[in-house]
Amino acid sequence: MDPVTRVYLYDETGNKFFGEGPYRLLRGVEETGSLRASAMAMGMAYTKALRLLQTAEKALGFALTTRAAGGHAGGGSRLTPEGAAFLDAYARWRDRCQEENRRLWREEFSRPGP
């Protein structure tokens, strides 16, 4: 048995606005250059992806992506420098939380019975 750690960010009113889903969505934008393509790869509706992105941007107070409308020349999305830095920091923090939780689990539950 191993512990599972899920790391989320909540705004001041207690609403969750960022976790593994938005993280994966934005990493997909980084890879594909498209919010729509990233959402499709995750089996997510574009409208939901856009709503997740807008909610996170509002809570954080800065843009995570820049978006260009589609059309003849095509559109796309890219991470802003702030967005890329945020994703990197979130990933480091998430990984450290998970590792620390595993360490605490081993420390507490590898002891002989009560």
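The notes below deal with the structure included here. (Residues numbered from 1 in each chain as written. Predicted model: local features only at pLDDT ≥ 70, side-chain atom pairs only at ≥ 80, totals over all residues. Heavy atoms only, no water.)

1. Thoughts on the side chain of R27
Examined against the element boundaries, R27 turns out to sit in helix 1 (residues 20-32). R27 sits in the buried class, given a relative accessible area of 16%. Reaching out from R27, the side chain makes a polar contact with the side chain of D88 at a distance of 2.8 Å. Apart from residues no more than four positions distant in its own chain, R27 is found in contact with L87 and D88. (Helix = DSSP H or I, 4+ residues; strand = E, 2+ residues; numbered from the N terminus. Buried < 20%, exposed > 50% of the residue type's maximum accessible area, 1.4 Å probe, protein only. Polar contact = N/O pair within 3.5 Å; in protein donor to acceptor, adjacent residues only side chain to side chain. Contact = heavy atoms within 4.5 Å.)

2. A closer look at the pattern of salt bridges
Counted under the stated rule, the structure contains nine salt bridges. Residue E30 is joined to R27 by a salt bridge in which the shortest nitrogen-to-oxygen separation is 2.9 Å. A residue pair is termed a helical-turn pair when its members lie 3 or 4 positions apart in one helix, as E30 and R27 do in helix 1 at three residues. For the salt bridge of R103 with E100, the shortest nitrogen-to-oxygen distance reads 2.5 Å. With R103 and E100 both in helix 4 (residues 81-109), this residue pair falls three residues apart, about one helical turn. (Salt bridge = Lys/Arg side-chain N within 4 Å of Asp/Glu carboxyl O.)

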